[in-house]
Amino acid sequence: MSRPTVARIDTRAIRANGELARALAPDSRLMACLKADAYGTGIATAAGALTGIADGFAVACIEEALALRACGAREPVLLLQGPHTRDEIEEAFAKRLSLCLSDARHLEWLAQVSPEQRPDCWIKIDTGMHRLGFAPESAADVYAAVKTLLQRPAILCTHFAAADKADREATETQLDVFDKATRKLGAATSCANSAAVFAYPESHRDWIRPGYMLYGGNPFDHERDGVDALQASMELSAEVIAIRTIPAGDRVGYGGRWRAARPSRIATIAAGYGDGYPRHAADGTPVRIGALRSPLAGRVSMDMITVDVTDNPDATVGARAILWGRDPGVDEIADQAGTIGYELLAGMPKRVPRVTAR
Ligand SMILES: *Cc1c(COP(=O)(O)O)cnc(C)c1O
């Protein structure tokens, strides 16, 4: 019998979320972001789930792209971070990967490899995120330079810094900067991350690039219609391995952070920050056991958490505890820990076995 701590991956949920993205942007092609092991769900699992729905897959680095090819994915694959060395350009060509060019160095390397070994390319324009990309003023020159190097025209793209916010100004400005820099070039374009798929239809263009929404995460930092349709793709659960009753006034866990205000039943659950549960989760963070949510009581340990189950008769030794999934959602847990669900999914450690449900 192995440790009863698992992340159950629901491939039907990933498919349904992919179909939702398609429905929201019916005239665009879907480049599904599978970086960070497909936001913790498993790159092969997610790629399989999205076969026939996604028109291409985007990853951060060549290792992830090679993992996709190794599991048999035949779709176009885009390296979002571009090449890190000149050799990677040749390797990308050999594996039919596309590169996102974002730096003068990338153009030099591209010119140095033989013309028949140059992969398809995207060109990233920095419209305000100020992380990667060519300046908008140089977009036309870069596009022309790449045109002389490649058989096939490059796709122009940008990335939004604040599409998840209620305030629309920053994103509208970025889109405007992008359009002014690229309109005359007649190139195919791509701008939209998950939040923009929902909130900025005018940014959908030729390719949308959602990631987080495919896994059922809510990309917004505020209430937003439509996101309720997303389905959680990962359920992290563990078992109650001990129950004890403590008197009022006693404290629980490291540092004694939680203090019993009444005689209390405390359940110990076999998952902690070593399993991806956030160490900064506050007292009161919900853990579902049976039909009820019970509040986290005390600091998260590496391999365990403690929960106040005084009011939860379903909490018995051996009962399953849902740490996140449909209810509570990963975004709610992240919020209780001062982080975002992206970090929790992308940070899921290897120690937690992924069990795939189809
Ligand atoms: C990660 C990423 C995306 C997807 O973002 P989500 O918020 O997960 O939808 C899109 N484009 C680029 C360049 C990215 O790095």
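Per chain, residues are indexed from 1 in the order of the written sequence. Local features in this predicted model are restricted to residues of pLDDT 70 or higher, and side-chain atom pairs are both shown and tallied only at a pLDDT of 80 or more, whereas totals for entire chains, interfaces and linings draw on every residue. Side-chain measures were taken over the full set of non-hydrogen atoms in the model, leaving aside hydrogen atoms and water.

Enquirer: What exactly am I supposed to notice about the overall build of the protein here?
Expert: Helix and strand counts for the protein stand at 11 helices and 18 strands. Counting only C-alpha atoms and orienting by the principal axes, one finds that the protein spans roughly 75 × 45 × 35 Å. Only protein chains enter the accessibility calculation, which uses a 1.4 Å probe; a residue is then buried when its area is under 20% of its type maximum, exposed when over 50%, and partly exposed in between. Within the span of the protein, comprising 358 residues, buried residues form 52% of the whole. Surface exposure of the protein reaches about 15,900 Å², of which carbon and sulfur atoms provide 50%. Starting at the N terminus, helices and strands are each numbered in turn, a helix being any DSSP run of H or I of at least four residues and a strand any DSSP run of E of at least two. Note on areas: Shrake-Rupley, 1.4 Å probe, and residue coverage restricted to the protein chains presented here.

Enquirer: Looking at this structure, I do not really get the pairing of strand β2 (residues 29-33). What am I missing?
Expert: As a general feature of sheets, a regular strand has side chains that alternate between the two faces. Most of β2 is tucked away: four of the five residues are buried. Where β2 and strand β9 (residues 207-208) come together, two bridges link them in parallel fashion. From the neighbouring strand, R29 faces β9, where its bridge partner is W207. Any two strands are treated as partners once DSSP identifies two or more bridges connecting them. Across three bridges, the pairing between β2 and strand β3 (residues 56-59) is parallel. Along β3, the bridge assignment pairs C33 with A58.

Enquirer: What is the right way to read helix α7 (residues 139-149) from this model?
Expert: Structural remark: α-helix, 3.6 residues per turn; residues separated by three or four positions point the same way. All buried positions along α7 are accounted for by A139, V142, Y143, V146 and L149. Each buried residue of α7 sits inside an arc of 120° when the element is viewed along its axis, so together they form one side. Facing away from the buried side of α7 by over 90 degrees, the exposed positions are D141, K147 and T148. Those residues of α7 hidden inside the fold are in contact with β5 (97-101), α6 (104-112), β6 (121-124), β7 (155-157) and α8 (169-182). This arc corresponds to the set of directions leading from the helix axis out to the C-beta atoms. Here a residue-residue contact requires only that any non-hydrogen atoms of the pair lie within 4.5 Å.

Enquirer: Mind showing me how you'd approach the packing of aromatic side chains here?
Expert: In this description, a pair of aromatic rings is defined by centroid distance and the angle of the planes. Between the rings of Phe, Tyr and Trp (Trp by its six-membered ring), a pair exists once the centres lie within 6.5 Å; its type follows the angle of the planes, with under 30 degrees stacked, over 60 edge-to-face, and the other angles tilted. Tallying each qualifying case throughout the model produces eight aromatic pairs. Taken together, the aromatic side chains of Y39, Y212, Y215 and Y342 make up a single cluster linked through ring pairs. The criterion for a charge sitting over a ring is simple: Lys NZ or Arg CZ within 6 Å of the ring centre, and within 35 degrees of the ring normal. In this structure, R168 is placed above the aromatic ring of Y200, and the distance from its NZ or CZ to the ring centre is 4.1 Å.

Enquirer: Looking at this structure, how should I read the site of the ligand?
Expert: Near is defined per residue: the residue qualifies when any heavy atom it owns lies within 4 Å of the molecule or strand. K35, Y39, S194, Y212 and Y342 are the nearest of the 13 residues found near the ligand. Take H159: an N or O atom from its side chain is 3.4 Å from a nitrogen atom of the ligand. Polar contacts, as counted here, are pairs of nitrogen or oxygen atoms within 3.5 Å of one another; within protein the pair requires one atom able to donate a hydrogen and one able to accept it, and residues that are adjacent in sequence qualify only if both atoms are side-chain atoms. Between the ligand and G211 there is a distance of 2.8 Å, counted from an oxygen atom to a backbone nitrogen or oxygen. Starting from 390 Å² of accessible surface for the ligand in isolation, the protein chains cover 92%. Gly is put with the polar residues, along with every residue not named as nonpolar or charged; the nonpolar set is Ala, Val, Leu, Ile, Met, Phe, Trp, Tyr, Cys and Pro, and the charged set is Asp, Glu, Lys and Arg. Considering only residue class, the shell around the ligand consists of six nonpolar, four polar and three charged.

Enquirer: Would you mind showing me how to read the packing of α6 against α7 here?
Expert: Two numbers describe a pair of packed helices, the interaxial angle and the distance between the axes. At a minimum axis distance of 10 Å, the contact between α6 and α7 shows a crossing angle of 15°. As summarised for this structure, α6 and α7 are arranged roughly parallel, according to the angle between their axes. The element α6 and its partner α7 pack so that their crossing is left-handed. Residue-level contacts link L107, L110 and A111 of α6 to V142, V146 and L149 of α7. Each residue belonging to the contact of α6 with α7 can be placed in one class, and the counts come to six nonpolar, no polar and no charged. Helix axes are fitted only over the stretch in contact, all axes being lines through C-alpha atoms; the angle between N-to-C directions runs from 0 to 180 degrees. Roughly parallel refers to an angle under 35 degrees, roughly antiparallel to one over 145, roughly perpendicular to one between 65 and 115, and oblique to any angle outside these ranges. Helix crossings fall into two classes, left-handed where the near helix is turned counterclockwise from the far one by less than a right angle and right-handed where it is turned clockwise.

Enquirer: What am I meant to see in the pairing of strand β17 (residues 320-324) here?
Expert: Of all five residues that make up β17, four are buried, and the element is covered over most of its length. Note that strand β10 (residues 234-246) and β17 share four bridges and pair antiparallel. Bridge pairing links L236 to W324 in β17.

Enquirer: What am I meant to see in the pattern of salt bridges here?
Expert: Pairs can form between side chains of opposite charge whenever their charged atoms are close. The term salt bridge refers to a side-chain nitrogen of Lys or Arg lying within 4 Å of a carboxyl oxygen of Asp or Glu. Across all of its chains, the model carries 18 salt bridges by this definition. D308 is the salt-bridge partner of R262, the closest N and O atoms lying 3.7 Å from each other. Highlighted residues: R262 in the loop between β12 (258-259) and β13 (264-269) and D308 in strand β16 (residues 305-308), separated in sequence by 46 residues. The class for R262 is partly exposed, based on a relative accessible area of 33%.

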